[in-house]
Amino acid sequence: MTVWCETHKRAKRAPSQQTFSVMDVQCVLEGCQSEVLRGLCGSIPEAHCFTVVFRGPRRGLDLACSSEAEARHWIRGLRRLQERAQTMSQRDKLEHWIYGYLRRADADKDNTMSFKEVKSLLRMINIEVTELYARQLFKQCDRSGNDRLENSEIEEFCRRLTRRPELEALFCRCSGEDCVLSDEELLEFLREQGEEATLSQAREIIQEYELNDTAKQQRLMMLDGFLMYLLSKEGDVFNPAHATVYQDMSQPLSHYFISSSHNTYLLQDQLGGPSSTEAYLRALSRGCRCVELDCWEGPNGEPIVYHGHTLTSRILFREVIEVVRDYAFKASPYPLILSLENHCGREQQVVMARHLRSILGETLLTKSPGSKGTRSLPSPEELKGRILIKGKKLSGSDSSSSSSDSSSSSSEEEEGSGEGGGTRTKNKNKKKDSVKVSPVPVNGSKPRCSSSLAPELSDLVVLCRSVRFHGFDHASQQPANEMSSFSEGKARRLIRDSGNSFVRHNALQLSRIYPSGLRAHSSNYSPQEMWSAGCQIVALNFQTPGEAMALNQGRFLQNGRCGYTLKPAFLRSADSTFDPEHPARGQGYQAKTLTVTVISAQQLPKLNPERPNSIVDPLVRVELHGVPADNARAETPHINNNGFNPRWNHTLVFDVGVPELALVRFVVEDHDTTSSNDFVGQFTLPFTSLRQGYRHIHLLSADGVPISPASLFVHIKVSELSRSQSV
């Protein structure tokens, strides 16, 4: 399902930029909701406009129709196609994929395939075969003998092309000589897979996936039905029981990992990249539960959001809050935290508070729920549908005074420095009741020379009060609603020097970790090392694809992708003995062996569609991310010139000491002898969500978007490892 975008601009786009797949569409926004269309509002009727928002880095597509009816037609059509794409089986996706390439390879558009067109097709779908093999396959299907494949001959060609010999061998082993799987034989296979299945469940699977009606009536499964089953969610490596909210959501907020974004407003780097409300929509749509707003003095009395003292573009604070209102709870019903980095003067802080109250309404949390006291935070369940403000708060009952922890400049703190992007110099002589702020003048607005925190904004900080970190002993005496922010460097030092103390601290209070200010291009650190110490709000640059964001997506894949994942029990106890630097000494150590046999891959994407003769040489790397002692990676050999159906049958073995914290990442790369390998696809999931047995892994792009129908076929085995073997 591909849409062609025709443009009247003179600049020529690559063909890949003139089309988009419906499967890449995040959502369709009606009216003038993007920055571009807002700027045109008034000159074009709003009912004529809509925006297509994509997954991944591609900017939204703003469109204006000639009439309201035409706009409604497009919006309704795109949404219906989205729904259809979401319900397609893997078999449907494969057929859609292969017939799409057939249409492209049919150069003369006569709905038949010459031998030359067949060779072109094979290159398009990422496979290099000899002239002899290609000619042999063509002749076997050309039953009419006219040197062209037509109708049923093309179908036969596709069937031969998409054969899965490794699955046929597995099916024959399970079914015996008759090559038909009975319900009892299927049950035996399910139990070999490690599933606690019953005979009635085996029969339900036959009814669901078997394509032949006669076989269904006789409670039998044929090869095609077996393939359909293994390609379905029930044959997936990820446990489908974890695809819904299955964890206890009634524990304090500090007991959860929380999906968190840094510099959420940015679409690119933090020096000169664009800021956009679309970035908030994307983060929220991915289940992010903590977004950041860098707030500065703006023109006409309106605060703006951007990366201060840089060339990044600016957006209105009000418009960000409107997007938050509209999309805060589309992907998850659980609480959303707005992390305010406040550089505004008192007057515009009042404006911020007014916008927060008027736009967010009843969803904005203005007083603590329940009566748990000061030593325990409320739970995600109690805070469902509520928006929390993280920021500075005035001390005591006197709203006219402020301390060093209640100044307006709410910045990220490392060793007494501010909470924002860069390093700031401590002024030992500054008064406790005020703080210098230097907002950048915008369009003639006057900078404020000094400012204190406005009570109106302070009153909105209820459960996430930002304070400076004065050590674990001091923090242990403070209420649970106080939280500190740490740069990645500071957090690493605390983990290295006081790992267990950090774990205990994070059992009671929230910690936010943010990237180093030196990461000018918005690169990311590894979030796993922070999660291993129980840090909850591990903020990443969502706009930057790569390993760190793959780990984040994998961590929050479970529990219904709601953005909250319950930490292991040994990270939730204030008396925990766990230390991520020395895991074998305390709780949480449950050593296991993970054995992965990488069997095959299917329909890997071409890395450069503009070069039809470019074929990938794939290899598979399996990575283990956990406590430092568990981190490991190993890979298969590469296979030359076959991205369509490469086979390895290569086994990799890993020892895992703390499986409850571990993530398993499967990466496919294109081998290159002269330079670094090129990324092809990946999939990451929690170790505890792995399913054993023969499983398919449906690959994602670097941006976390499905690469349909690309997949890996593997066998997974998890076994116990005694402490004496592992230490």
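Please read all numbers here as calculations on a predicted model, not as lab measurements.

Novice: Let's hear about the overall build of the protein: which residues, and what values?
Specialist: The helix and strand inventory of the protein stands at 21 helices and 30 strands. The 727 residues of the protein split such that 55% are buried. In the protein, once contacts between residues fewer than 6 apart in sequence are set aside, the share between residues at least 24 apart is 70%. Carbon and sulfur atoms make up 47% of the accessible area of the protein, which amounts to about 31800 Å² in all.

Novice: With reference to specific residues and values, describe the environment of Asp248.
Specialist: One can find Asp248 in the loop between helix 12 (223-231) and strand 10 (256-261). Here Asp248 falls in the partly exposed class, since its relative accessible area comes to 36%. Between the C-alpha atoms of Asp248 and Thr565, which are 317 residues apart in sequence, the distance is 9.4 Å. In this structure the side chain of Asp248 is engaged in a polar contact, spanning 3.4 Å, whose partner is the side chain of Gln251.

Novice: A description of the packing of helix 4 (residues 90-105) against helix 5 (residues 115-124) should follow, citing residues and the corresponding values.
Specialist: Packing of helix 4 against helix 5 brings their axes to within 9 Å, and their N-to-C directions diverge by 135°. By the criterion of interaxial angle, the relationship of helix 4 to helix 5 is oblique. Note on packing geometry: the crossing formed by helix 4 with helix 5 is right-handed. For the pair formed by helix 4 and helix 5, the contact residues are Tyr101, Leu102, Arg104 and Ala105 on the first element and Glu117, Leu121 and Met124 on the second. Across the contact of helix 4 with helix 5, the residue classes tally to five nonpolar, no polar and two charged.

Novice: Could you give me a rundown of the confidence of the model for the protein, with the residues and numbers involved?
Specialist: Looking at the protein as a whole, the pLDDT averages 88, with 88% of positions reaching at least 70. Note on residues 397-404: pLDDT is under 50 here. Beyond four places in sequence and across chains, it has 13 contacts. Throughout residues 413-450 the model reports pLDDT below 50, and contacts reaching past four residues in sequence, or to other chains, amount to 88 contacts.

Novice: How would you explain the nonpolar core if you had to name every residue and give the values?
Specialist: In this structure, Tyr280, Leu293, Phe317, Leu338, Leu340, Leu356 and Phe502 are the most contacted members of the largest nonpolar core, which totals 69 residues. Sort the elements by how many residues they give to this core and helix 14 (residues 317-327) lands first, with six residues. Within the second largest apolar cluster, 32 residues are counted, among which are Val237, Leu557, Val598 and Leu712.

Novice: Explain the sheet that holds strand 3 (residues 25-30) to me, and be specific about the residues and the numbers.
Specialist: If you walk across this open sheet you meet the three strands as 3-4-5, and the pairing is antiparallel. Two strands close off the open sheet at either side, each with one partner strand: strand 3 and strand 5 (61-64). Direction aside, the axes of adjacent strands within the sheet are offset by 20° on average. The pairing of strand 4 (residues 49-54) with strand 5 spans four bridges and is antiparallel. Note on strand 5: the bridge partner recorded for Cys49 is Ala64.

Novice: I'd love a proper account of the packing of helix 9 (residues 183-192) against helix 10 (residues 199-209), names of residues and values included.
Specialist: Two numbers describe how helix 9 lies on helix 10: the axes approach to 9 Å, and their chain directions differ by 105°. Judged by the angle between their axes, helix 9 and helix 10 are roughly perpendicular. Of the residues in helix 10, those touching helix 9 at Asp183, Glu184, Leu186, Leu187 and Leu190 are Leu199, Ala202, Arg203, Ile205 and Ile206. Here the residues of the contact of helix 9 with helix 10 sort into seven nonpolar, no polar and three charged.

Novice: Give me the side chain of Asp630: which residues, what numbers.
Specialist: Summarising the element assignment, Asp630 is placed in the loop between strand 24 (618-625) and strand 25 (632-635). Each residue touching Asp630, except ones within four places of it in the same chain, is listed here: Leu624, Asp655, Val656, Gly657 and Val658.

Novice: An account of the packing of aromatic side chains is requested, with residue identities and associated values reported.
Specialist: According to the stated counting rule, one finds 16 aromatic pairs in the structure shown. When the ring of Phe20 is compared with that of Phe54, the centres are 5.1 Å apart and the planes differ by 70°; the resulting orientation is edge-to-face. Taken together, the residues Phe20 in strand 2 (residues 19-21) and Phe54 in strand 4 connect sequence positions 34 residues apart. Geometrically, the ring pair formed by Phe469 and Phe472 is edge-to-face, given 5.1 Å between the ring centres and 70° between the ring planes. An aromatic cluster of at least three residues, connected via ring pairs, comprises Phe469, Phe472, Phe486 and Phe502. A cation over a ring is seen here: Arg164 above Phe713, with NZ or CZ 5.4 Å from the ring centre. The side chain of Arg314 reaches across the aromatic face of Tyr306, ending 4.2 Å from its centre.

Novice: Before we move on, can you summarise the pairing of strand 11 (residues 290-296) with the specific residues and values?
Specialist: With respect to burial, strand 11 is a largely interior element, seven of its seven residues being buried. Neither face of strand 11 is open: one carries Cys290, Glu292, Asp294 and Trp296, the other Val291, Leu293 and Cys295, and all of them are buried. Pairing of strand 11 with strand 12 (residues 304-305), which is carried by two bridges, proceeds in the antiparallel orientation. Across the sheet, residue Cys295 finds its bridge partner in strand 12, namely Val305.

Novice: Got a sec to walk through helix 7 (residues 152-161)? Specific residues and values, please.
Specialist: Taken as a whole, helix 7 has its buried residues at Glu153, Ile154, Glu156, Phe157, Cys158 and Leu161. Looking at the buried positions of helix 7, the neighbouring elements they touch are helix 4, strand 6 (112-114), helix 5, helix 6 (131-141) and strand 7 (148-150).

Novice: Please set out helix 18 (residues 488-508) residue by residue, giving values where relevant.
Specialist: Because the α-helix completes a turn every 3.6 residues, residues three or four places apart line up on one side. In a regular helix each residue adds 1.5 Å, so 21 residues correspond to 30 Å; helix 18 covers only 20 Å between its end C-alpha atoms and thus falls short of that length. At Ser498, helix 18 shows its maximal kink, close to 115°. All of the buried residues along helix 18 are Glu488, Lys490, Ala491, Leu494, Ile495, Gly499, Asn500, Phe502, Val503, His505, Asn506 and Ala507. The secondary structure elements touched by the buried residues of helix 18 are helix 17 (472-475), strand 19 (482-487), strand 20 (511-514) and helix 19 (528-531).

Rules of the game
Residues numbered from 1 in each chain as written. Predicted model: local features only at pLDDT ≥ 70, side-chain atom pairs only at ≥ 80, totals over all residues. Heavy atoms only, no water. Helix = DSSP H or I, 4+ residues; strand = E, 2+ residues; numbered from the N terminus. Buried < 20%, exposed > 50% of the residue type's maximum accessible area, 1.4 Å probe, protein only. Contact = heavy atoms within 4.5 Å. Areas by Shrake-Rupley, 256 points an atom, 1.4 Å probe, with all protein chains shown as cover. Polar contact = N/O pair within 3.5 Å; in protein donor to acceptor, adjacent residues only side chain to side chain. Axes fitted to C-alpha atoms, helices over the stretch in contact; angles between N-to-C directions. Parallel < 35°, antiparallel > 145°, perpendicular 65-115°, else oblique. Left-handed = near helix turned anticlockwise from the far one by under 90°. Nonpolar A, V, L, I, M, F, W, Y, C, P; charged D, E, K, R; others polar. pLDDT = per-residue confidence, 0-100. Core = buried A, V, L, I, M, F, W, Y, C linked by side-chain atoms within 4.5 Å. Pairing = 2+ DSSP bridges. Phe/Tyr/Trp six-rings, centres within 6.5 Å; stacked < 30°, edge-to-face > 60°. Lys NZ or Arg CZ within 6 Å of the ring centre and 35° of its normal. Expected span 1.5 Å × (residues − 1). Bend = angle between axes of the 7 residues up to and from the residue.

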